[in-house]
Amino acid sequence: MGMNVGSDSTTEDEGIVDINTTPLIDVMLVLLIMLIITIPLQTQSVAIDLPQGNPPPSTEEVPVVTLVVDFDNSITWNGQPVNGEDELQAHLREIAAAQPKPEFHIQPNRLADYKTVIHVMADAQRLGVTQMGIVGQEQFVDQ
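Predicted, not measured: the structure shown is a model, and the values here were computed from it.

Quick notes on the rules
Position numbers for residues start from 1 in each chain and track the written sequence from start to end. Residues qualify for local features only when their pLDDT is at least 70, as the model is predicted, and side-chain atom pairs are given and counted only at 80 or more; totals for whole chains, interfaces and linings, by contrast, use all residues. As a rule here, side-chain values come from all non-hydrogen atoms in the structure, and water together with hydrogens is ignored. A 1.4 Å probe that fits into a set of points on a 1 Å grid over the protein atoms alone but cannot get out defines a cavity; an open set with protein on both sides within 12 Å along at least five of seven lines defines a pocket, and lining residues are those with an atom within 4 Å of a point. Grid points are joined across faces, edges and corners, and a volume is the space filled by probe spheres set on the points. Residue classes follow a fixed rule: Ala, Val, Leu, Ile, Met, Phe, Trp, Tyr, Cys and Pro count as nonpolar, while Asp, Glu, Lys and Arg count as charged, and any other residue, Gly among them, counts as polar. Predictor confidence is given residue by residue as pLDDT, running from a minimum of 0 to a maximum of 100. Where helices and strands are cited, they refer to DSSP runs of H or I of at least four residues and of E of at least two residues respectively, numbered from the N terminus. Nine residue types can take part in a nonpolar core, namely buried Ala, Val, Leu, Ile, Met, Phe, Trp, Tyr and Cys, and a core is a set of them joined through side-chain atoms within 4.5 Å. Each residue is assigned to one of three classes by its accessible area relative to the maximum for its type, calculated with a 1.4 Å probe on protein chains only: buried under 20%, partly exposed between the two thresholds, exposed over 50%. Note on definitions: a residue-residue contact is assigned when non-hydrogen atoms from the two residues lie within 4.5 Å. Any two strands are treated as partners once DSSP identifies two or more bridges connecting them. Note on geometry: axes are C-alpha line fits, over the in-contact stretch for helices, and angles between N-to-C directions span 0 to 180 degrees.

1. Here's the deal with empty space enclosed by the protein
Inference 1: According to the stated counting rule, one finds 1 cavity of 30 Å³ or more in the structure shown.
Inference 2: Space inside the largest cavity adds up to approximately 30 Å³.
Inference 3: Lining the largest cavity are Ile 95, Ala 96, Lys 101, Pro 102, Gly 128, Val 129, Thr 130 and Gln 131.
Inference 4: Here the lining of the largest cavity is built from residues that sort into 4 nonpolar, 3 polar and 1 charged.

2. Considering the confidence of the model for the protein chain
Inference 1: Model confidence for the protein chain is summarised by a mean pLDDT of 85, while 86% of its residues fall at 70 or above.
Inference 2: Taking the mean pLDDT of every element in the protein chain, the minimum, 87, falls on helix 1 (residues 22-43) and the maximum, 95, on strand 2 (residues 75-77).

3. Some details on the nonpolar core
Inference 1: Of all hydrophobic cores here, the largest spans 18 residues; its most connected members are Leu 67, Trp 77, Leu 88, Leu 92 and Phe 104.
Inference 2: When residues of this core are traced back to their parent elements, those giving at least two are strand 1 (64-69), strand 2, helix 2 (85-97), strand 4 (103-108) and helix 3 (114-126).
Inference 3: In terms of residues, this core owes the most to one element, helix 2, which gives 4 residues.
Inference 4: Among residues more than four places away in sequence, those in contact with Leu 67 are Ile 75, Thr 76, Trp 77, Leu 88, Phe 104, His 105, Ile 106, Gln 107 and Val 120.

4. Some details on the sheet that holds strand 2
Inference 1: The strand order across the open sheet built from 5 strands is 3-2-1-4-5, with neighbouring strands paired in mixed fashion. Edge positions in the sheet fall to strand 3 (80-81) and strand 5 (132-134), since each has one partner strand and no second.
Inference 2: Here 2 bridges tie strand 2 to strand 3, and the two strands are oriented antiparallel to one another. Counterpart to Trp 77 in the pairing with strand 3 is Gln 80.
Inference 3: Contacts from helix 2 reach strand 1, strand 2, strand 3 and strand 4 within the one sheet, and its direction differs from that of strand 2 by about 35°.
Inference 4: Against the sheet, helix 3 contacts strand 1, strand 2, strand 4 and strand 5, and its axis sits at roughly 170° relative to strand 4.

Structure (structure tokens):
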């Protein structure tokens, strides 16, 4: 870009149409300074001892416990009906204390109340069940 020293026009009301690059240069300098400051932070590393090679697959069979919450909010434990809160908590305490820890699968019905399902999950967590999952979610997918 060139600079106009004089103008051929005799009127003084004509505006300057050149772009003001000062704010652009200021912004670019600030970004450059920020980049220079953050580069040393990105180059620091933490030494971690990672395992080498592939571990052998586990030969231990993990037991699976399935709890089904049906459409009428009835609860079944591995196919057996659960009669009340005390029996459910006794089952949950049993799997929390078992070794090896079994996987706890909750399978809610599409029409089951959210309150019932979340109550079972909260009881399981409170009583120490650590390996918990919700299965059978394909029924909730809209088609």
